[in-house]
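Single-letter residue listing:
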Amino acid sequence: MCSSSEKQQIFCVVLCVFMLQYLNMWRAQVSMTCGWVFCKRKLRVCVATCNRADYSKLAPIMFGIKSHPDEFELEVVVLGSHLIDDYGNTFRMIEQDDFDIGSKLHTIVRGEDEAAMVESVGLALVKLPDVLQRLCPDLLIVHGDRFDALALATAAALMNIRILHLEGGEVSGTIDDSIRHAISKLAHYHACCTRRAEKYLIAMCEDHSRILLAGCPSYDKLLSTHHREDYMDIIKSWLGDKVQEHDYIVALQHPVTTDIQHSIKIYGLMLDALICFNKKTLILFPNIDAGSKEMVRAMRKKGIEQHPNFRAVKHIPFEQFIQLVCHAGCMIGNSSCGVREAGAFGTPVINLGTRQTGRETGENVLHVRDADTYNKIYHALELQFGKRYPCSKIYGDGNAVPRILKFLRTINLDEPLQKTFCFPPVKDSISQDIDHILETQSALSVDLGGTNLRVAIVCMMGKIVKKYTQPNPKTFEARMQLILKMCSEAMLDAVRLNCRILGVGVSTGGRVNAQEGVVLHSTQLIQEWSSVDLRTPISDALHLPVWVDNDGNCAALAERKFGHGRGVENFVTVITGTGIGGGIIHNSELVHGSTFCAAELGHIMVSLDGPECSCGSRGCIEAYASGQALQREAKRLHDEDLLKVEGRDMKLLEPVTAAHLINAAKLGNSKAEAALNKASTALGVGIINILHIVNPSLVILSGVLASYYQAPVQQVITERALFSAQSIKVLTSDLEEPALLGAASLVLDYATRRTY
Ligand SMILES: [Zn+2]
């Protein structure tokens, strides 16, 4: 009995508490309705728990939240197997822990098969909106990878309620993985347990700033309370007075929903092995997943519930379960408790089947993945039973809850709810826009010269995107091999460079049957190069159309598409390099002739008994005016000591070339001047012959000697051509790579005739 003054005091205290509470409520209401904030509003946190396993992780957080009533408001929603008698009515644990359960939702459709799980998700989704609307939490905390949790996360995400997901980023195998990752995708915040899980969440494109590496909340309690004086009392209360420490087994095997039949088989084998192993065994009923009924049936069939060594139970309070696992001789089954919590005590664990495949485990876990025989399981028991392992802290250091509370305080409700995913940088996707397609259409060009073999990626606009050069091999086989190798390399680069290769164009020395893609006959410059089918092997190797033409013709095509010949109906190209070649464009088309010998301009004869030509004949303009011909003249003058320039010594340590002749002429060497004059006249006369035959409107000189010949050739034309042809212009090409560009135009002109 208290005195009357004490009663008064108590009354005053109660009154004060009431008033304070009222004031708090009023403040909360005001700040909610008017946005007029006295201080930071409390965070309304809703914790939803579905079964005893997730409650063991959520409870420490719930206690933490409850112990800070000035900062947080806690709402508890209970659903799933918590409310089912067969699974121990585990919601009572929550009541015993003195939490107010705001809502109990019966969401389990009985049947324990796949369809029942789906229906349970559906039932939860039907019931949850009402509850969430009523509770109106700022944040919903869900745990793990159960189908109930998927329903919770789905409902909250769709109702714009922020979600904190516990244990995301882990890998365990089975459908659990898919569900866990799906929940992570719906969640706005993550509190994960291991460093690997954190990395996986980042790899799953979750925002790193919203991921907390907390450790497992159950470890907090585990590491702070597992040294209990009365542990033997607890163990004896479950397994009888005669039981000894480290001399009993804890068994907990759940169905694997993706392989129910197999997991039932493993369950039977485990029971056989345990019966035979003949140790005190505490066996827990499997969880509610599809397949659990069959498991319980198997257990009853083997008489486990009546067996003197066994104690079969539906539920053990978590703290007691911890003591039982901590001091067990070993733990067997596929429960996550085995691979996670047991590691903290160093208890030996035998993990059966695939349910925990991929989980991070300490060295205390022995995996029997294909637990397909009784012998394997029995042998594993022999290996593990009674052993002790060092304690593992993979899943936490005992400070998860303080970390999570600190993290909750940082949640800014003014931040947009919309999740942002942190995708890795990806190269821009190739546009399907028609303009883009037109711009990226490209050709693979091959140029087979006397010295070099070159390949290029040439885009629609005539830009050489990439060029590859190798010495042209001397033998046919080596040359073909190199062509294919270089083309294949270029094809790979083209993909990277965003060039759509439409085909391959080949420019080669020699006479070419352009219709069939065959080199008929080549000059001495390219050896072993007659009757060569170029189209078939290249086309077969690259799966692309192939066009082939002579290098002179290609140079003309290059001018028509990219050079001075654009829009010109009739023009002639003359290439003055090592040899002399050319192409004739007549009425905008190449002239090939009856045996592909048209426009062999180098072998236009300008004298009946001129110098010998590479073709075997005499007096061809190539024999007068080609690079080879000029070099021959330079050598002759040099040998006769006539290449000297007054007052200067020609540098002749290097081989004598056409350039020396031109240089000497420029500096006033009359012999050199005369030789060049003869060459220019021969070339000019040859070109006049062309003018008189096809009467083009333009002559384009290309090749290394073009700039030298341009003026003298124009001069010869003015002096010697028929009056009507005298005004025809001679220009120097400004294309850098006429052969490669011409080969490209073979492709681009044919392949892009489609109209868009
Ligand atoms: Zn000739």
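These numbers were taken from a predicted model, which means no experiment stands behind them.

Asks: Can you lay out the overall build of the chain for me, pointing to particular residues and giving the numbers?
Replies: Each helix and strand in the chain was counted, giving 26 helices and 26 strands. Here the C-alpha radius of gyration of the chain, 45 Å, is well above what a compact globule of 756 residues would show, namely 27 Å. The dimensions of the chain, computed from C-alpha atoms along their principal axes, are 145 × 70 × 55 Å. For the chain, the proportion of its 756 residues judged to be buried stands at 53%. Considering only contacts in the chain between residues 6 or more positions apart, those separated by 24 or more positions represent 67%. When the accessible surface of the chain is summed, it comes to about 35000 Å², and 54% of that surface belongs to carbon and sulfur atoms. Averaged over its 77 positive side-chain charges, the chain has a centre that lies 3 Å from the centre of its 83 negative ones.

Asks: Account for the pairing of strand β10 (residues 310-313), with residues named and values stated.
Replies: Looking along a regular strand, one sees side chains alternate from face to face of the sheet. In the sheet, strand β9 (residues 280-284) pairs with β10 via four bridges, with the strands oriented parallel. Pairing of I283 across the sheet is with A312, part of β10. Handedness of the crossover joining β9 and β10 through helix α11 (residues 292-301) is recorded here as right-handed.

Asks: Break down the packing of helix α24 (residues 670-694) against helix α25 (residues 706-720) for me, citing the residues and quoting the values.
Replies: Geometry of a packed helix pair, given as the angle between the helix axes and the separation of the axes. Axis separation between α24 and α25 bottoms out at 8 Å; the angle between their running directions is 60 degrees. Classed by the angle they form, the pair α24 and α25 counts as oblique. Taken as a pair, α24 and α25 cross one another with a handedness that is right-handed. Contacts from L676, A679, S680, T681, L683, G684, V685, I687, I688 and L691 of α24 reach α25 at Y708, Y709, P712, V713, V716, I717 and R720.

Asks: Outline helix α9 (residues 231-239), supporting the account with residue identities and numerical values.
Replies: Those residues of α9 that fall on the buried side of the exposure criterion are Y231, I234, I235, W238 and L239. Axial view of α9: buried residues confined to an arc of 110 degrees, hence all on one face. Against β8 (248-252), β9, β10 and α12 (318-326) lie the buried residues of α9. The positive-phi residue at the C-terminal boundary of α9 is G240, with phi of around 90 degrees.

Asks: Can you break down the pairing of strand β17 (residues 500-508) residue by residue, with the values?
Replies: With seven of nine residues buried, β17 is to be regarded as a mostly interior element. For strand β14 (residues 441-448) and β17, the ladder comprises seven bridges, and the chain directions are parallel. Its bridge partner lying in β17, S445 is registered against G505. Note that β17 and strand β21 (residues 546-550) share five bridges and pair parallel. The residue bridging V506 from the neighbouring strand is V548, located in β21.

Asks: Just give me the short version of the UniProt feature "active site" (unreviewed entry) in the chain, but keep the residues and values in it.
Replies: Under the present numbering, the feature "active site" (unreviewed entry) in UniProt falls on D551. Position of D551 relative to the elements: it lies in helix α20 (residues 551-562).

Asks: How would you summarise the environment of V256 if you had to cite specific residues and measurements?
Replies: Its place among the elements puts V256 in the loop between β8 and α10 (260-277). In the structure, V256 is positioned 36 residues away from S292 in sequence and 9.3 Å away in space, judged by C-alpha atoms. Excluding its chain neighbours within four sequence positions, the residues that come into contact with V256 are T174, S263, N334, T354 and R355.

Asks: Tell me about the coordination of the zinc ion, and please be specific about residues and values.
Replies: On the protein side, the zinc ion has H603 (ND1), C613 (SG), C615 (SG) and C620 (SG) as donor atoms, found 1.9 to 2.3 Å from it. Taken together, the four donor atoms coordinating the zinc ion span angles of 103 to 124 degrees at the metal, a pattern that classifies the geometry as tetrahedral. Donor residues for the zinc ion sit on one chain with the sequence pattern H-x9-C-x1-C-x4-C.

Asks: Which residues make up the nonpolar core, and what values go with them?
Replies: M270, I283, I332, L352 and L381 are the most contacted members of the largest nonpolar core, which totals 62 residues. Sort the elements by how many residues they give to this core and α10 lands first, with ten residues. Among the domains, domain 1 (43-216) and domain 2 (230-384) are the pair contributing at least three residues each to this core. V572, A599, L643 and A672 belong to the second largest nonpolar core, which has 42 residues in total.

Asks: Summarise the packing of α10 against α11; cite the residues concerned and give the values.
Replies: Two elements in contact, α10 and α11, have axes whose closest approach is 10 Å; the angle formed by their N-to-C orientations is 25 degrees. What the angle tells us is that α10 and α11 run roughly parallel. Handedness of the crossing formed by α10 with α11: right-handed. For the pair α10 and α11, contact is made by S263, I264, Y267 and L271 and by E294, M295, A298 and M299, respectively. Among the residues forming the contact of α10 with α11, the class breakdown is six nonpolar, one polar and one charged.

Asks: If you had to explain the environment of G353 to someone new, which residues and values would you point to?
Replies: One can find G353 in the loop between β12 (349-352) and β13 (365-368). The class for G353 is buried, based on a relative accessible area of 4%. Note: C-alpha distance between G353 and Y267 (86 residues apart in sequence) is 9.7 Å. Leaving out residues up to four positions away in the same chain, G353 has contacts with I266, V368, R369 and A371.

Asks: Account for the sheet that holds strand β20 (residues 532-533), naming residues and giving values.
Replies: Read from one edge to the other, the open sheet built from three strands follows the order β18-β19-β20, with strand pairing classed as antiparallel. Looking along the sheet, the strands with just one partner apiece sit at the ends: β18 (511-513) and β20.

Asks: Break down the packing of aromatic side chains for me, with residues and values.
Replies: Scanning all chains against the criterion turns up eight aromatic pairs. Between F421 and F423, the aromatic rings sit 6.0 Å apart at their centres with planes inclined by 40 degrees, giving tilted as the arrangement. Using a relative accessible area of 32% as the deciding quantity, one classes F421 as partly exposed. Chaining the aromatic ring pairs together yields one cluster made of F277, Y374, Y378 and F385. Seen from the ring of F285, K314 lies directly overhead, with NZ or CZ sitting 5.8 Å from the centre. One Lys or Arg, R479, reaches over the ring of W529 and ends 4.8 Å from the middle of that ring.

Asks: Explain helix α6 (residues 174-186) residue by residue, including any values.
Replies: Among the residues making up α6, those that are buried are T174, D176, D177, I179, R180, I183 and S184. Tucked into the core, α6 has its buried residues touching β4 (139-143), α5 (147-158), β5 (162-166), β6 (189-192) and α7 (195-203).

Asks: Hey, could you go over the sheet that holds β9 for me, with residue numbers and the actual values?
Replies: Sheet strands line up and pair through hydrogen bonds in the backbone, either parallel or antiparallel. On the basis of which strands lie adjacent, the open sheet formed by six strands has the order β10-β9-β8-β11-β12-β13 and parallel pairing. Here the strands that pair on one side only, and so sit at the sheet edges, are β10 and β13. When the angles between neighbouring strand axes are averaged without regard to direction, this sheet yields 20 degrees.

Asks: Just give me the short version of the pattern of salt bridges, but keep the residues and values in it.
Replies: Scanning the model with the defined rule gives 37 salt bridges in all. In this structure, the salt-bridge partner of R409 is E71, at a minimum N-O distance of 2.5 Å. With a gap of 338 residues between them, R409 in helix α16 (residues 400-409) and E71 in the loop between α2 (52-66) and β2 (72-79) connect regions that are remote in the sequence. Residue E71 is classed as partly exposed on the basis of its relative accessible area of 24%. The salt bridge involving D397 is made with R403; its shortest N-O contact spans 2.8 Å.

Asks: How would you explain the state of the cysteines if you had to name every residue and give the values?
Replies: Per the stated rule, a full pass over the model turns up zero disulfides. Counting only cysteine sulfurs, C422 is the nearest neighbor of C205, a cysteine outside any disulfide, at a range of 7.6 Å. On the basis of relative accessibility, which here comes to 13%, the residue C205 falls in the buried class. Here C487 is not cross-linked by a disulfide; its sulfur's nearest cysteine counterpart is in C554, at 14 Å.

Parameters and conventions
- Residues numbered from 1 in each chain as written.
- Predicted model: local features only at pLDDT ≥ 70, side-chain atom pairs only at ≥ 80, totals over all residues.
- Heavy atoms only, no water.
- Helix = DSSP H or I, 4+ residues; strand = E, 2+ residues; numbered from the N terminus.
- Rg over C-alpha atoms; globule rule 2.2 N^0.38 Å.
- Buried < 20%, exposed > 50% of the residue type's maximum accessible area, 1.4 Å probe, protein only.
- Contact = heavy atoms within 4.5 Å.
- Areas by Shrake-Rupley, 256 points an atom, 1.4 Å probe, with all protein chains shown as cover.
- Lys, Arg positive; Asp, Glu negative; His and termini not counted.
- Charge placed at Lys NZ, Arg CZ, Asp CG, Glu CD.
- Pairing = 2+ DSSP bridges.
- Right-handed = clockwise from strand over helix to strand, strands pointing away.
- Axes fitted to C-alpha atoms, helices over the stretch in contact; angles between N-to-C directions.
- Parallel < 35°, antiparallel > 145°, perpendicular 65-115°, else oblique.
- Left-handed = near helix turned anticlockwise from the far one by under 90°.
- Arc of directions from axis to C-beta.
- UniProt positions renumbered as here; feature names shortened; annotations may be inferred.
- Donors = N, O, S within 2.8 Å, 3.2 Å for Na, K, Ca; no water.
- Tetrahedral: all angles 85-135°; square planar, octahedral: opposite > 155°, others 65-115°.
- Core = buried A, V, L, I, M, F, W, Y, C linked by side-chain atoms within 4.5 Å.
- Domains from an automatic or database assignment.
- Nonpolar A, V, L, I, M, F, W, Y, C, P; charged D, E, K, R; others polar.
- Phe/Tyr/Trp six-rings, centres within 6.5 Å; stacked < 30°, edge-to-face > 60°.
- Lys NZ or Arg CZ within 6 Å of the ring centre and 35° of its normal.
- Salt bridge = Lys/Arg side-chain N within 4 Å of Asp/Glu carboxyl O.
- Disulfide = S-S within 2.5 Å.

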